[in-house]
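# Survey of secondary and tertiary structure
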Amino acid sequence: MGVQISPSILSADFSNLAGEVARIAPAADWVHVDVMDNHFVPNLTLGLPVVERLAAASELPLDCHLMIADVDRWAVGYAEAGARNVTFHVEASAAPVRLARELRSAGARAGLALKPATPVEPYADLLPELDMLLLMTVEPGFGGQKFLDLVLPKIRRARELVKDRDLDVWLQVDGGVAADTIERCADAGADVFVAGSAVYGAADPAAAVAGLRSQAAAASHSAWWSRH
Ligand code: DX5
Ligand code: ZN
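Here is a short report on the structure shown in this document. Throughout, a residue's number is its position along its own chain's written sequence, starting from 1. A letter from A marks each chain and a number from 1 marks each ligand, given out in the order of writing. Reporting of local features is limited, given that this is a predicted model, to residues whose pLDDT is at least 70; pairs of side-chain atoms are given and counted only at 80 or more, and all residues count toward the totals for whole chains, interfaces and linings. Computation of side-chain values: all heavy atoms of the structure, hydrogens and water removed.

Now for helix α5 (residues 152-164). The terminal C-alpha atoms of α5, which comprises 13 residues, lie 18 Å apart, in line with the 18 Å expected from a rise of 1.5 Å per residue. For every residue, the accessible area obtained with a 1.4 Å probe (protein chains only) is divided by the maximum for its type, and the residue is called buried under 20%, exposed over 50%, and partly exposed between those limits. Put simply, DSSP H or I for four residues or longer makes a helix, DSSP E for two residues or longer makes a strand, and each gets a number counted from the N terminus. Here α5 has its buried residues at Leu152, Lys154, Ile155, Ala158, Arg159, Leu161 and Val162. Once α5 ends, the next one or two residues include Asp166, with phi positive near 55°. Here, expected helix span is obtained from the residue count minus one, scaled by 1.5 Å.

The next thing to look at is helix α3 (residues 71-80). Burial analysis of α3 places 7 of its 10 residues in the buried class, which makes it a mostly covered element. Positioned one or two residues after α3, Gly82 has a phi angle of 115°, which is positive.

Whether a residue is near a molecule or strand is decided by its heavy atoms; if any one of them lies within 4 Å of it, the residue is near. Lining the immediate surroundings of ligand 1 are 20 residues, of which Gly141, Asp174, Gly176, Gly196 and Ser197 lie closest. Taking His32, its side chain carries an N or O atom lying 3.3 Å from an oxygen atom of ligand 1. Each polar contact in these results corresponds to two N or O atoms within 3.5 Å; when the atoms are within protein, one needs to be able to donate a hydrogen and the other to accept it, and residues that are neighboring in sequence are counted only if both atoms are side-chain atoms. In this structure, Gly176 approaches ligand 1 through a main-chain N or O atom, which is 2.8 Å from an oxygen atom. Surface accessibility in these figures is a Shrake-Rupley result with a 1.4 Å probe; residues are shielded only by whichever protein chains are displayed. For ligand 1, whose free accessible area comes to 380 Å², the fraction covered by protein is 99%. Mapped by element, the contributors of at least two residues to the shell around ligand 1 are β2 (31-36), β3 (62-67) and β8 (192-195). Basically, the charged four are Asp, Glu, Lys and Arg, the nonpolar ten are Ala, Val, Leu, Ile, Met, Phe, Trp, Tyr, Cys and Pro, and anything else, Gly included, counts as polar. Its residues assigned to classes, the shell around ligand 1 shows 8 nonpolar, 10 polar and 2 charged.

Let's shift gears to the pattern of salt bridges. Where charged atoms of side chains with opposite charge meet at close range, the side chains can pair. Basic side-chain nitrogens of Lys or Arg form a salt bridge, by our definition, when they fall within 4 Å of a carboxyl oxygen of Asp or Glu. Taken as a whole and judged by the stated rule, the model has 9 salt bridges. Salt-bridge contacts for Arg101 lead to Glu129; the nearest nitrogen and oxygen are separated by 2.7 Å. Here Arg101 is found in helix α4 (residues 96-105), whereas its partner Glu129 is found in the loop between β5 (109-114) and β6 (132-136), with 28 residues between them in sequence. For Glu129, a relative accessible area of 18% puts it in the buried group. For Asp191, the salt bridge goes to Arg159, with nearest N and O atoms at 3.3 Å. Taken as a pair, Asp191 in the loop between α6 (182-188) and β8 and Arg159 in helix α5 lie far apart in primary sequence, 32 residues in all. By the burial criterion, Asp191 is buried, and Arg159 matches it.

By nonpolar core is meant a set of buried Ala, Val, Leu, Ile, Met, Phe, Trp, Tyr and Cys residues that side-chain atoms within 4.5 Å join together. Ile9, Val51, Leu66, Val86, Leu103, Leu133 and Phe193 are the most contacted members of the largest nonpolar core, which has 74 residues in total. Contacts of Val51, omitting those with residues within four sequence positions, involve Val33, Val35, Leu46, Leu62, Cys64, Tyr78 and Ala81. Whether two residues are in contact is decided by their heavy atoms, any of which lying within 4.5 Å being enough.

What follows is the structure in structure tokens.
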């Protein structure tokens, strides 16, 4: 799998979600859906009923990012609602291996998310249980925040862990990903890019997706981790 772009509808018009997905559908690989519960993060967005309707109405597969407490209890519901990928935070899960297995059994891809200060090394042995690792490049909770360069070495180390084990685990970055930061992410080892304000803040969201994709593709083509 090469570069994939997953625009976040957190920065879209919540009164017209299906229409907002249609604007990016020709250009994007996924639609990133941020679920927040005002406990795990200090913000509240949407939940299962909306995801269920969006999964039915969306032309793109849903990439659900759960920023919720007690996630072991709720995550499988999102897979059953039709999300193709369900990512949960390790900081919110009591049993991440069990949960990843449950998500896969429910037919979804299993993603594990790490906040900026959470190290990746303790989860190296979990990688075969996962389809994607999400390394947050801002503190989760809000769109439009400044990209944290301090996460770049962790992206690099995560790519090394995946490469050493010869796994097909995607590495996603989320937060502050835009034209001025996406190349650094791709160069470090990311291959799935979430962008909210950089896409929905643009006059032409589909063109913004295409622009980000070509930047990321060029940067990953010459990156250390993609050379053979
Ligand atoms: C933030 C969310 C992100 C958010 C990114 O906690 O997880 O998906 O939409 O927004 P930007 O791209 O504007 O930083
Ligand atoms: Zn997100």
